[in-house]
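Notes for the structure review
This is what each chain is made of:
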Amino acid sequence: MKQYLPLLIVGAIIGVFSAALIITYALIKDKKESMGFERTMKDSELMRRILRYAKPYWFNFVIVGLVMLLSVSYSILSPIITSDIEKVISAENGFEFGEVLWRVVVYAAILLGSLVGTYVQALVLQKTGQKMISHLREDAFKHIEGLSHAQLSHIPVGKLVTRITNDTNAISMMFTGMLANLVKNIFIIVGVLVAMLFINYMLTLMVLCFVPFIVLFTLIFRKFSRRAYRQVKNGTTDINTYLSEHLSGMKIIQIFNREQRKMQEFEEKNDKLYRAQRGQIFVFGIFRPAVYMLYISSVLCLFFLGAKGALDQTKILGQIVDGATIVAFYMFVSRFFNPIQNLAEQFHRLQSAFASAEKIFTIMDIESDVVDEADAIELETIKGEIEFRDVWFAYNEGEWVLKGVSFHINANDTVAFVGATGSGKTTILSLLCRNYDVQRGEILLDGINIRHIKISSLRRHFGQMLQDVFLFAGTVRSNIVLRDDFSDDEVLQACKYVNADKFIDKLANGLDEEVRERGNNFSAGQRQLLSFARTVIHRPEVMILDEATANIDTETELLIQDSLNKMMNIGTMLIVAHRLSTIQHADNIIVLADGKIVEQGNHHELLHQKGRYYDLYTLQFNKEQLKKLV
Ligand SMILES: Nc1ncnc2c1ncn2[C@@H]1O[C@H](COP(=O)(O)OP(=O)(O)O)[C@@H](O)[C@H]1O
Ligand SMILES: [Mg+2]
């Protein structure tokens, strides 16, 4: 029994240590539950959803598996060969050089094979992982595109960016490195165990004594690392969100001298992320030494028992322990603990991937508010007749923005909406394209409720020119054609039609002139003209124009006026106009106040009525007159 004393001592120390860990763990777990954490998906469910993306590439994974066997065999065979060499060298009556040489050659060959295997494995995995992830990224993007305006305005842009970039990357890492290594390490552990059993089962049992502790450590680590990772992820998203919002608003921040305050806010978030990251490192920093301690303990036990066995040439439970056994076991023990350490490290990254997957899938689980009905129809061509029937709408429940709006627009007519800011003009236009669904009443296109029409089909027939024209980074051409195929001739024609050709001609590169992010190298008037060209070239049956309120120079205003008059001939047109001179030729003018229609009629009829339109018009007219006089 005496020879087991050191083992027992080591075991006892570790036992006390792990008991302490379990107690801390229990304490923290309670705290965690009372913190009310966000909903979390099960690992198995996440895995199932991720694997769906891996399925098309199963063959690549089979190749990786085969190649992996090479490096596994290296891990198992190298200690055996080394111990064999030791045996040959320490033979009592000397040894021949040749005997050692061929063993070294075999060793080298296996090593080489394992290296090549590792290379091929990395190559195939990287490629496959990137492909999988680009699919996932596409799906996520497609899903976000399908969300309604209301939903999109609730999710910060930075958050979406993080989901599509960082989070998908974390999942890609999981496939390119982690999963393969996971399998490989499990193979190695099993292989090494079998080899050890063959050489000396007693020493193997000794090594196995440490396994329960490893499992325990890993379980504890698992809980801690997952929490730490989630905090880091949340911190990163927070910072990204903050940055994307504030970098776009930097000009405003500078104008209003808010740099100091914003800096403080940023520092707070930065500090939070720093602390989360420090916490994560701390968790990891405890686990690694813990496993290392187990490793060292088992090596010490091995040396103690081995040295004892070798010195007195006695047997430990029937098996002789000699120098070669010690050499083999010394190598095996590290071959055994290394993968475990490795698994732990991968676990840490696996946790990160799971945390990321959870976030992506949470976004992908948000169902769009505005969706096609099951039997929604496709509309090939439309006439462009529009009707609102007692439409009630609120962005926030109970706060009605439109209160029983009804009107009818004949195909090919031009209708203008007039009213004070906040009276609901923009809202009417966005309901028409189903950016939101109405709560009461119905909207009809060619006599069909727009809810029964496929959204994509519906929007194809509308050309929207919104209040703040959005230009993408790219060229003038790319902003007009928007990914569709149009010849240069068509583009130029469209530009000419809306009078955009004049300023485009003056640009150094014409249609190829660079458009910077959000089009901030173009004036408001130029942006508006570009949006006209964009609309006209796509030949919609219904055009929607929410006129920019921004100041536009008189020259550009005349151009806009002229192109508007031309566009009125294309099809049905709905205009929100701020300059009433724009809409004098409209077939019908609808005057809104506080979400209700107060007057309707053409320019002359309304002036004649001397109602609200008359007031607005005389007000503006006088202002224009005044401007001219000054
Ligand atoms: N996305 C939104 N969420 C909540 N309220 C909104 C939103 N957009 C507009 N509103 C509110 O709806 C009302 C009508 O807005 P809008 O249709 O843009 O007016 P108009 O275009 O006539 O100036 C305003 O009171 C505005 O505050
Ligand atoms: Mg508006």
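Residues numbered from 1 in each chain as written. Chains lettered and ligands numbered in written order. Predicted model: local features only at pLDDT ≥ 70, side-chain atom pairs only at ≥ 80, totals over all residues.

With that out of the way, let us pick up the site of ligand 1. Lining the immediate surroundings of ligand 1 are Ser-153, Tyr-395, Asn-396, Val-401, Gly-419, Thr-421, Gly-422, Ser-423, Gly-424, Lys-425, Thr-426 and Thr-427. Examining the composition of the shell around ligand 1, we find that three residues originate from one element, helix H12 (residues 425-432), more than from any other. Within the shell around ligand 1, the residues separate by chemical class into two nonpolar, nine polar and one charged. (Near = placed C-beta within 6 Å. Helix = DSSP H or I, 4+ residues; strand = E, 2+ residues; numbered from the N terminus. Nonpolar A, V, L, I, M, F, W, Y, C, P; charged D, E, K, R; others polar.)

Further remarks concern the pairing of strand E8 (residues 462-465). Across the two faces of E8 the burial is the same, with Phe-462 and Gln-464 and Gly-463 and Met-465 all buried. Examined bridge by bridge, E8 and strand E11 (residues 542-546) share four bridges and lie parallel to one another. Among the inter-strand pairings, Gln-464 is bridged to a residue of E11, identified as Ile-544. (Buried ≥ 20, exposed ≤ 12 C-beta atoms within 10 Å, placed from the backbone. Pairing = 2+ DSSP bridges.)

Taking 1.5 Å per residue, 50 residues should reach 74 Å; helix H4 (residues 97-146) reaches 73 Å between its end C-alpha atoms and fits that length. Every buried residue of H4 is accounted for by Ser-114, Gly-117, Gln-121, Leu-125, Thr-128, Gly-129, Met-132, Ile-133 and Leu-136. As for H4, its buried residues are in contact with helix H2 (43-54), helix H3 (58-89) and helix H6 (157-199). (Expected span 1.5 Å × (residues − 1). Contact = placed C-beta atoms within 7 Å.)

This brings us to the packing of H6 against helix H8 (residues 211-248). Between two packed helices, both the angle of their axes relative to each other and the distance between the axes serve to describe the pair. Between H6 and H8, whose axes approach to 7 Å, the crossing angle comes to 125 degrees. Judged by the inter-axis angle, H6 sits oblique to H8. Our pair here, H6 against H8, has a crossing hand that is right-handed. Counting all contacts with H6, which are made through Val-157, Gly-158, Lys-159, Val-161, Thr-162 and Asn-166, the residues of H8 involved are Thr-236, Thr-237, Asn-240, Thr-241, Tyr-242, Leu-243, Ser-244 and Glu-245. In terms of residue class, the contact of H6 with H8 is built from four nonpolar, eight polar and two charged. (Axes fitted to C-alpha atoms, helices over the stretch in contact; angles between N-to-C directions. Parallel < 35°, antiparallel > 145°, perpendicular 65-115°, else oblique. Left-handed = near helix turned anticlockwise from the far one by under 90°.)

Here we take up unusual backbone geometry. Its identity is not glycine, yet Asp-446 carries a phi of approximately 50 degrees, on the positive side. Locating Asp-446 in the fold gives a position in the loop between strand E6 (440-445) and strand E7 (448-449). The phi angle at Arg-539 is positive, at roughly 45 degrees, despite the residue not being glycine. By the element assignment, Arg-539 lies in the loop between helix H17 (524-537) and E11. According to the C-beta neighbour criterion, Arg-539 is exposed, with 12 such atoms within 10 Å.

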